[in-house]
Amino acid sequence: MFELFKGGAKHSGPDLGVAVLRDSHAVAEAVREALAGASAEDRPGLERAAALIAERAARPESEIRGEWVRGIVAAQGVDLHAQEIHAIRALRKAQPRLSLADAVHLVREAAATDPGRPSEV
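Residues numbered from 1 in each chain as written. Predicted model: local features only at pLDDT ≥ 70, side-chain atom pairs only at ≥ 80, totals over all residues. Heavy atoms only, no water.

(A) Just the overall build of the protein chain, in detail. Counting its regular elements, the protein chain contains five helices and zero strands. Ordered by position in the sequence, the α and β elements of the protein chain form the string α-α-α-α-α. Within the protein chain, buried positions represent 31% of all 121 residues. Relative to all contacts within the protein chain whose residues are 6 or more apart in sequence, the contacts with residues 24 or more apart total 51%. Accessible area for the protein chain stands at about 7800 Å²; split by element, carbon and sulfur atoms hold 54% of it. (Helix = DSSP H or I, 4+ residues; strand = E, 2+ residues; numbered from the N terminus. Buried < 20%, exposed > 50% of the residue type's maximum accessible area, 1.4 Å probe, protein only. Contact = heavy atoms within 4.5 Å. Areas by Shrake-Rupley, 256 points an atom, 1.4 Å probe, with all protein chains shown as cover.)

(B) Structural view of the packing of helix α3 (residues 61-75) against helix α5 (residues 100-112). Between α3 and α5, whose axes approach to 8 Å, the crossing angle comes to 100 degrees. As far as their axial angle goes, α5 and α3 are roughly perpendicular. Judged by residue contacts, Ser62, Arg65, Gly66, Trp68, Val69 and Arg70 of α3 engage Leu106, Val107, Glu109 and Ala110 from α5. Of the residues belonging to the contact of α3 with α5, the class tally is five nonpolar, two polar and three charged. (Axes fitted to C-alpha atoms, helices over the stretch in contact; angles between N-to-C directions. Parallel < 35°, antiparallel > 145°, perpendicular 65-115°, else oblique. Nonpolar A, V, L, I, M, F, W, Y, C, P; charged D, E, K, R; others polar.)

(C) Structural context of the nonpolar core. Ranked by internal contacts, the top residues of the largest apolar core, which has 16 residues, are Val69, Leu80, Leu91 and Val107. Of all elements in the fold, only α3, α4 (84-94) and α5 reach the threshold of two or more residues within this core. The biggest single contributor to this core is α5, with five residues. In this structure leucine 91 touches Trp68, Val69, Ile72, Leu98, Ala103, Leu106 and Val107, once residues within four positions along its chain are discounted. (Core = buried A, V, L, I, M, F, W, Y, C linked by side-chain atoms within 4.5 Å.)

(D) Broad picture of the packing of α4 against α5. In the contact formed by α4 and α5, the axes pass within 9 Å of each other and the chain directions differ by 120 degrees. Taken together, the axis directions place α4 and α5 in an arrangement best described as oblique. Handedness of the crossing formed by α4 with α5: right-handed. On α5, the residues touching Glu84, Ala87, Ile88, Leu91 and Arg92 of α4 are Leu100, Ala103, Val104, Leu106, Val107 and Arg108. Classifying every residue of the contact of α4 with α5 gives eight nonpolar, no polar and three charged. (Left-handed = near helix turned anticlockwise from the far one by under 90°.)

(E) Representation of the pattern of salt bridges within the structure. The final tally for this structure, using the stated rule, is nine salt bridges. Residue arginine 59 is joined to glutamate 63 by a salt bridge in which the shortest nitrogen-to-oxygen separation is 3.5 Å. Look at arginine 59 and you get buried, because its relative accessible area is 12%. According to the relative accessible area criterion, glutamate 63 is partly exposed, its value standing at 30%. Arginine 65 is the partner of glutamate 109 in a salt bridge, and the nearest nitrogen-oxygen pair spans 2.7 Å. (Salt bridge = Lys/Arg side-chain N within 4 Å of Asp/Glu carboxyl O.)

What follows is the structure, given as structure tokens:
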């Protein structure tokens with residue numbers, strides 16, 4: 001999903017060594033083109049696809065990075081919330097060029113944006 005980039009990338013927010021890459025505009029354009037010539041029976045499905053693409057494209061970068069980190073950490077069998085140090089280690093093992101500071105930030109961001117995170121009591 002992501003490639004690790006150092007420097008040269010324009011982005012807002014924290015100075016991370018990870019850039020969010022999106023190609024949803026190209027996918028959305030392809031669906032719009034298909035929709036333009038769609039039959040009445042294909043139109044509802046393509047309209048739903050266009051809505052889903054727009055919804056996913058509107059997600060903030062922090063949510064996309066969090067999803068990426070949670071996937072890496074989960075693949076290593078690490079609990080993001082209960083094992084922060086292990087999660088950082090798993091992330092850096094998967095992306096060795098990632099700095100420790102970036103890995104800490106990304107793991108904490110992923111935990112904070114986790115839709116399935118344990119509720120605070």
